[in-house]
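# Examination of the molecular architecture
Below, each chain spelled out in residue letters.
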Amino acid sequence: MITLKSPREQDAMRRAGRVTAQARALAGSMVRPGVTTKEIDDAVRKFIRSKGGQPSFLGYGGFPGSACISVNEVVIHGIPSKGTVLKEGDIVSIDVGAIIDGFHGDCAATYPCGAVSDEARRLIEVTRQSFWEGFQQAQAGNRVSDISHTVQVYVESHGYSVVRDFVGHGVGAKLHEAPEVPNFGPAGHGARLQPGMAIAVEPMVCAGDWHVKVLKDGWTTVSADGSLTAHYENTMLITENGPEITTVTEDGAYL
């Protein structure tokens, strides 16, 4: 069942979103050669708690980290580790969630570690822009799949592929709510977007084939062909005046 958020609940989501976006920005600022993903995760957890919140992901389904930190061919759900040391040329996807006043924010972005290849930088840029293409379709009265189709067309027009096995989702008092928001499919299908809905749109893009596999730890999800991957996500409210992103910092940044 899709839950429409009241004005009070929407305000709570804005507060949660702001903290989540700030945590994402902090994590992104730490991406440089020699830093471990565990160090980034520790900083994210400390920051969210300093703002009176809790990391949404910590313990969720047994996940051991406060952020999902995924490097290169890891699409999503990378487990932070002291043993994962970032190196020059890596691309690092950081997915962060925070719960504030009973509501969640959820956002992600992929960051270059030092100097990266032109292909890696292009993948990051196309993935991010595919979100913004889909964002334009997040209008009351449209269907969920109008977002999905737009993301897929944009990504594939640049020679990349969108992951099918994992999708975006509704968000609110629960981290994952209805409706699912795929990054693929024909337009004109799925739930109709209504004011008060809150969704997390999150293109997950592979430089090669779209198939993925989950490793033995039950979390780490990699491109099946070992190709580079990128991820970009924001939480948004559907309003009568168009979509409003909640995962934005106080100075208006989405990274």
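Scroll up for the structure.
All of these numbers come straight from a predicted model, not from anything done at the bench. (Residues numbered from 1 in each chain as written. Predicted model: local features only at pLDDT ≥ 70, side-chain atom pairs only at ≥ 80, totals over all residues. Heavy atoms only, no water.)

## Remarks on the layout of surface pockets
If you add up the space inside the largest pocket, you get close to 370 Å³. Residue lining of the largest pocket: 21 residues in total, with His77, Val167, His169, His176 and Glu202 positioned closest to the centre. Elements with a minimum of two residues in the lining of the largest pocket: strand S7 (168-170) and strand S8 (177-181). Of the residues contributing to the lining of the largest pocket, the split by class is ten nonpolar, five polar and six charged. (1 Å grid on protein atoms, 1.4 Å probe; cavity = no way out; pocket = protein on both sides within 12 Å on 5 of 7 lines; lining within 4 Å. Points joined across faces, edges and corners; volume = space filled by probe spheres on them. Helix = DSSP H or I, 4+ residues; strand = E, 2+ residues; numbered from the N terminus. Nonpolar A, V, L, I, M, F, W, Y, C, P; charged D, E, K, R; others polar.)

## Considerations on the pattern of salt bridges
Per the counting criterion, the structure on display carries ten salt bridges. Of the charged contacts, one joins Glu9 and Arg8 as a salt bridge, the two residues approaching to 3.9 Å between their closest N and O atoms. Residue Arg8 is classed as exposed on the basis of its relative accessible area of 55%. Between Asp90 and Lys87 there is a salt bridge, and its shortest N-O distance comes to 3.0 Å. (Salt bridge = Lys/Arg side-chain N within 4 Å of Asp/Glu carboxyl O. Buried < 20%, exposed > 50% of the residue type's maximum accessible area, 1.4 Å probe, protein only.)

## What to know about the packing of aromatic side chains
Counted according to the given criterion, the structure contains six aromatic pairs. Where Trp132 meets Phe135, the ring centres are 5.3 Å apart and the plane angle is 75 degrees; that geometry is what we call edge-to-face. Of the two residues, Trp132 and Phe135 are both situated in helix H3 (residues 118-135); the distance of three residues between them amounts to about one turn of the helix. For the pair Trp132 and Phe135, a shared accessibility class is recorded, and that class is buried. Centroid distance Trp132 to Tyr254: 5.1 Å. Interplanar angle 75 degrees. Geometry classified as edge-to-face. Highlighted residues: Trp132 in helix H3 and Tyr254 in the segment after strand S15 (242-245), separated in sequence by 122 residues. Judged by relative accessible area, which is 17%, Trp132 ranks as buried. A network of ring pairs unites the aromatic residues Phe131, Trp132, Phe135, Tyr232 and Tyr254 as a single cluster. In this arrangement the basic side chain of Arg164 is found over the ring face of Phe184, its NZ or CZ atom lying 5.2 Å from the centre. Lying across the ring of Trp210, Arg164 places its NZ or CZ 4.8 Å from the centre. (Phe/Tyr/Trp six-rings, centres within 6.5 Å; stacked < 30°, edge-to-face > 60°. Lys NZ or Arg CZ within 6 Å of the ring centre and 35° of its normal.)

## Quick word on the sheet that holds strand S6 (residues 161-162)
Spatially, S6-S10-S13 is the arrangement adopted by the three strands of the open sheet, whose pairing is antiparallel. Strand pairing shows two members of the sheet lacking a second neighbour, S6 and strand S13 (229-231), which therefore form its edges. With two bridges joining them, S6 and strand S10 (residues 204-206) adopt antiparallel strand pairing. If you follow Val162 over to S10, its bridge partner there is Val205. Its contacts with the sheet place H3 against S10 and S13, and it is angled at close to 35 degrees to S13. (Pairing = 2+ DSSP bridges. Contact = heavy atoms within 4.5 Å. Axes fitted to C-alpha atoms, helices over the stretch in contact; angles between N-to-C directions.)

## Description of unusual backbone geometry
Here the amide bond leading from Ala178 into Pro179 is cis, since omega sits at 5 degrees, within 30 degrees of zero. Mapped onto the elements, Pro179 comes out in strand S8. Residues other than glycine seldom take positive phi values, yet His77 does so here, at roughly 65 degrees. Structurally, His77 is set in the loop between strand S3 (74-76) and strand S4 (91-100). Its identity is not glycine, yet Asp101 carries a phi of approximately 55 degrees, on the positive side. Positionally, Asp101 belongs in the loop between S4 and strand S5 (103-112).

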